[in-house]
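Residue-level listing of the chains:
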Amino acid sequence: MAYNNVSSSAYEEEHVHTVYEQIASHFSSTRYKPWPIIERFLKSQPPGAVGVDIGCGNGKYLAVNPDIFIVGSDRSHNLTAIARAHKQHDALVADALDHPHRGGKADFAISIAVVHHLSTPERRIEAVRQILAAVKPGSGKVLIYVWALEQKASRRGWDEGDDQDVMVPWVMKAGQSQGQKQPQQDEQQQSALDETPSADRTFYRYYHLYRKGELEADIQAAGGLLLEAGYEKDNWWAIASRNNDKIDAPNELKS
């Protein structure tokens, strides 16, 4: 995909952000069990550690370790509202390319199934850079998950040689709720969310499927130091730290 920054942002708005606002409630109902490596990472943090979840969704990871303090952020108004209501944790609305956690103060950061929604290599590397920018240079650690191209054994069946840029369907059955009310929504917007579909609806989300080694390369390009990496449940994951003090400098992709 050869988009400039403006068209990439508009593309993601249509094929990622708008879709998650529409499917938020249904999506949240399917996301409740922590994945083992993410749970291990969070529970390995020392008591009192402060961290961020960039792209927290419904907030399912915010309460994994009660001995740490973690703030979530997500582009979706509806998902952050669910996180606040259900998990009773702090969750704010923010874009992964321009979040308020930069400054290198956090002990750790996680970003689960977020970076693969950015539609160009430059924007994905910038997203990784912004995750790294949240943690302390040297001691801070980040955990990032992205969907893998190598899913031959899964129901999706993707593998090496397939297109890495795909549209993934989300099917919402008739009668399933689309979203929940937000204070900033006007009556027309809310009526669309409250509408109960009378027939099945299919929404399509953009994903970039990462091939083996690609996440590690993006981390290094973003100014990170790779510490550990692997594959879990059709995802590539990596743990990294910052290897410089200038990683949170402004970048034109955020404009």
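Analysis parameters
- Residue numbers run consecutively from 1 along every chain, following the written order of its sequence.
- Per-residue local features are limited, in this predicted model, to residues with pLDDT of at least 70; the limit for side-chain atom pairs, both in listing and counting, is 80 or more; totals at the level of whole chains, interfaces and linings are taken over all residues.
- To get the side-chain values, take all heavy atoms of the structure and skip hydrogens and water.
- What pLDDT conveys is the predictor's confidence in a given residue, as a value from 0 to 100.
- In what follows, a contact means two residues having at least one pair of non-hydrogen atoms within 4.5 Å.
- Here, nonpolar core means buried Ala, Val, Leu, Ile, Met, Phe, Trp, Tyr and Cys residues that are tied together by side-chain atoms lying within 4.5 Å of each other.
- Each residue's exposure class comes from its accessible area (1.4 Å probe, protein chains only) as a fraction of the maximum for that residue type: buried when under 20%, exposed when over 50%, partly exposed otherwise.
- Under the scheme used here, helices are H or I runs from DSSP no shorter than 4 residues and strands are E runs no shorter than 2 residues, and both carry numbers assigned from the N terminus.
- We treat two strands as partners when DSSP finds at least two bridges between them.
- Angles run from 0 to 180 degrees between N-to-C directions of axes, and those axes are lines fitted to C-alpha atoms, restricted for helices to the stretch in contact.
- Look down the strands so they point away from you; if going from the first strand over the helix to the second traces a clockwise path, that crossover is right-handed.
- A helix is expected to span 1.5 Å for every residue after the first.
- Handedness of a helix crossing follows the sense of rotation of the near helix relative to the far helix, less than a right angle counterclockwise being left-handed and clockwise being right-handed.
- Side-chain classes follow a simple rule in which Ala, Val, Leu, Ile, Met, Phe, Trp, Tyr, Cys and Pro form the nonpolar group, Asp, Glu, Lys and Arg form the charged group, and the remainder, Gly included, forms the polar group.
- Classification of ring pairs rests on two measures: the distance between centres of Phe, Tyr or Trp rings, Trp counted by its six-membered ring, which must be within 6.5 Å, and the angle between planes, read as stacked under 30 degrees, edge-to-face over 60 and tilted in between.

As recorded in an unreviewed UniProt entry, the protein chain goes by S-adenosyl-L-methionine-dependent methyltransferase and comes from Myriangium duriaei CBS 260.36.

Q: Explain the confidence of the model for the protein chain here, please?
A: Keep in mind that low pLDDT regions are not for reading the predicted coordinates in detail. Mean pLDDT for the protein chain: 86, with 82% of residues reaching 70 or above. The low-confidence segment residues 179-196 (pLDDT under 50) makes 27 contacts with residues lying over four places distant or belonging to another chain.

Q: Teacher, can you tell me more about the nonpolar core here?
A: Soluble globular proteins tend to bury their nonpolar side chains together. Counting 26 residues, the largest nonpolar core has V115, V142 and I144 as its most contacted members. Within the residue set of this core, elements represented by two or more residues are strand 1 (50-54), helix 4 (121-132), strand 5 (141-147), helix 6 (214-221) and strand 9 (235-242). Looking at this core, the element that brings in the most residues is helix 4, giving four residues. Not counting residues within four places of it along the chain, the set of residues in contact with V142 comprises F41, A109, I131, L132, V135, A238, I239 and A240.

Q: Got a minute to help me understand the sheet that holds strand 3 (residues 91-93) in this structure?
A: In any sheet, the strands associate via hydrogen bonds between backbone groups, in a parallel or an antiparallel arrangement. Spatially, 3-2-1-4-5-9-8 is the arrangement adopted by the seven strands of the open sheet, whose pairing is mixed. In this open sheet, the two edge strands, each paired with only one partner strand, are strand 3 and strand 8 (224-232). Direction aside, neighbouring strands of the sheet carry axes that sit 20° apart on average. Pairing between strand 2 (residues 69-74) and strand 3: three bridges, direction parallel. Note that in strand 3 the partner of G72 across the bridge is A91. Seen against the sheet, helix 4 touches strand 1, strand 4 (108-112), strand 5, strand 8 and strand 9 and runs at an angle of roughly 150° to strand 5.

Q: Looking at this structure, how should I read the pairing of strand 5?
A: A regular strand places its side chains so that they alternate between the two faces of the sheet. The buried fraction of strand 5 is high, at six of seven residues. As paired strands, strand 4 and strand 5 are joined by five bridges and run parallel to one another. The residue of strand 5 that forms the bridge with I112 is Y145. You can see the chain leave strand 4, run along helix 4 and come back into strand 5, and the turn it takes is right-handed. One ladder, built from six bridges, connects strand 5 with strand 9; its direction is antiparallel. Looking across to strand 9, one finds that L143 is bridged to I239.

Q: I'm lost on the environment of V128 in this one. Help?
A: Positionally, V128 belongs in helix 4. Separated by 14 residues in the primary sequence, V128 and V114 place their C-alpha atoms 9.8 Å from one another. Among residues more than four places away in sequence, those in contact with V128 are V115, I144, D218, I219 and A222.

Q: When you look at helix 4 in this model, what are you seeing that I'm missing?
A: In an α-helix, one turn spans 3.6 residues, which is why side chains three or four residues apart end up on the same side. In this model helix 4 runs 17 Å from its N-terminal to its C-terminal C-alpha over 12 residues, within 8% of the 16 Å that 1.5 Å per residue would give. The element helix 4 is largely enclosed, with a buried count of nine among its 12 residues. Taken together, the buried positions of helix 4 are R123, R124, E126, A127, V128, R129, Q130, I131 and L132.

Q: Explanation requested: the packing of helix 4 against helix 6 in the structure shown.
A: What describes two packed helices is the angle between their axes and the distance between those same axes. Following both chains from N to C, one finds helix 4 and helix 6 inclined at 65°, their axes separated by 8 Å at the closest point. For helix 4 against helix 6, the interelement crossing comes out right-handed. The residues of helix 6 that touch helix 4, namely those facing R124, I125, V128 and L132, are D218, I219 and A221. Classifying every residue of the contact of helix 4 with helix 6 by side-chain character gives five nonpolar, no polar and two charged.

Q: Please clarify how the packing of aromatic side chains should be interpreted in this entry.
A: The description of an aromatic ring pair uses the distance of the two centres, along with the angle that the planes make with each other. Under the criterion given, the structure shown has six aromatic pairs. Considering the side-chain rings of F41 and F108, the 6.3 Å spacing of their centres and the 75° angle between planes classify their relative orientation as edge-to-face. Of this pair, F41 sits in helix 2 (residues 36-43) while F108 sits in strand 4, and the two are 67 residues apart along the sequence. Across this residue pair, the class does not change: F41 and F108 are buried. What links up through ring pairs into an aromatic cluster is the set W147, W158 and Y207.

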